[in-house]
Amino acid sequence: GIIGSVHNFGAFVDFGAVKDGLIPLGELRYWNDGRVRRRGGAFPTAFDIVKVGQKMLVEIERVDTRRSRVSLSIVEEEQGNNYMTRKPRGYSCKNEFPALAA
């Protein structure tokens, strides 16, 4: 998908559905894992980690049809092979997020 907008709580991704899905800030920070650092050792914000228009390989983590929300997680492809890295077993990102932008 393509990052459509970035907010304090995460980033909305256009992944081909009617509504954009959200990658929560906790997921972005987990994926970032030290790639982007802020001065003074502060945690990076969503604005530091991703940019509007950036392409991301995502998968649907959770769908809430009652509240019309889609939560996404990031999947990485290693260059040179088809191996895909995923979060460790038992990892759960339980961030709540507001209604999806139209």
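These notes cover the structure that comes with them.

Criteria and cut-off values
- In this convention, every chain numbers its residues from 1, walking through the sequence in written order.
- Per-residue local features are limited, in this predicted model, to residues with pLDDT of at least 70; the limit for side-chain atom pairs, both in listing and counting, is 80 or more; totals at the level of whole chains, interfaces and linings are taken over all residues.
- Only hydrogens and water are removed before side-chain values are computed, so all heavy atoms of the structure are retained for them.
- Here the nonpolar core consists of buried residues drawn from Ala, Val, Leu, Ile, Met, Phe, Trp, Tyr and Cys, with membership extended through side-chain atoms lying within 4.5 Å.
- Only protein chains enter the calculation, and the probe is 1.4 Å; a residue is then buried if its accessible area is under 20% of its type maximum, exposed if over 50%, and partly exposed in between.
- Counting from the N terminus, the helices are DSSP H or I runs at least four residues long and the strands are E runs at least two residues long.
- Throughout, a contact is declared for two residues whenever any of their heavy atoms are within 4.5 Å.
- Under this definition, polar contacts are N or O atom pairs within 3.5 Å; protein pairs additionally need one hydrogen-donor-capable and one acceptor-capable atom, and for neighbouring residues in sequence, both atoms have to be side-chain atoms.
- In what follows, salt bridge is the name for a side-chain nitrogen of Lys or Arg lying within 4 Å of a carboxyl oxygen of Asp or Glu.
- We call Phe, Tyr and Trp rings a pair once their centres come within 6.5 Å, taking the six-membered ring for Trp, and we label the pair stacked below 30 degrees between planes, edge-to-face above 60, and tilted otherwise.
- Two strands pair under a simple rule: DSSP has to find at least two bridges between them.
- As used here, the arc belongs to the directions running from the helix axis to the C-beta atoms.

1. Observations regarding the nonpolar core
Here is step 1: If you look at the biggest cluster of nonpolar residues, it comprises 16 residues, and the most contacted ones within it are Ile3, Ile23, Leu28, Val50 and Met56.
Here is step 2: Every element with two or more residues in this core is listed here: strand S1 (2–7), strand S2 (10–14), helix H1 (25–32), helix H2 (46–49) and strand S5 (69–74).
Here is step 3: Those residues within four positions of Leu28 in sequence are excluded, and the remaining contacts are Gly10, Ala11, Ile23, Ala46, Ile49, Val50 and Ile74.

2. Points about the side chain of Glu27
Here is step 1: Mapping Glu27 onto the fold places it in helix H1.
Here is step 2: The class of Glu27 is buried, set by a relative accessible area of 2%.
Here is step 3: At a separation of 3.0 Å, a polar atom in the side chain of Glu27 contacts the main-chain amide nitrogen of Ile74.

3. So, the pattern of salt bridges
Should the charged atoms of two oppositely charged side chains come close, the side chains can pair.
Here is step 1: Under the definition given, this model contains 1 salt bridge.
Here is step 2: Taking the shortest distance from any N to any O, the salt bridge between Asp64 and Arg67 comes out at 2.9 Å.

4. Digging into the packing of aromatic side chains
Geometrically, a pair of aromatic rings is defined through the distance of the ring centres and the angle of the planes.
Here is step 1: Under the counting rule described, the total for this entry stands at 1 aromatic pair.
Here is step 2: Aromatic pair Phe9 and Phe12: ring centres 6.0 Å apart, planes at 80°, arrangement edge-to-face.
Here is step 3: Assessed through its relative accessible area of 2%, Phe12 is described here as buried.

5. Remarks on the pairing of strand S4 (residues 58–64)
Here is step 1: By the bridge criterion, 6 bridges tie S4 to S5 in an arrangement that is antiparallel. Within S5, the position partnered with Glu59 by the bridge is Ser73.
Here is step 2: Hairpin remark: S4 followed by S5, antiparallel, with 4 residues in the connecting loop; positive phi at Ser68, about 55°.

6. Description of H1
Here is step 1: Listed as buried for H1 are Leu25, Glu27, Leu28, Trp31 and Asn32. Seen along its axis, H1 keeps its buried residues to an arc of 160°; they face one direction.
Here is step 2: Asp33 lies just past H1 and shows a positive phi near 40°.

7. As for the side chain of Ser73
Here is step 1: Along the chain, the position of Ser73 falls in strand S5.
Here is step 2: With relative accessibility at 0%, the residue Ser73 sits in the buried group.
Here is step 3: Looking at Ser73, its side chain comes within polar contact range of the side chain of Glu61, at 3.1 Å.

8. Quick notes on unusual backbone geometry
Here is step 1: At Ser68, a position not held by glycine, the phi torsion is positive, near 55°.
Here is step 2: Within the secondary structure layout, Ser68 lies in the loop between S4 and S5.

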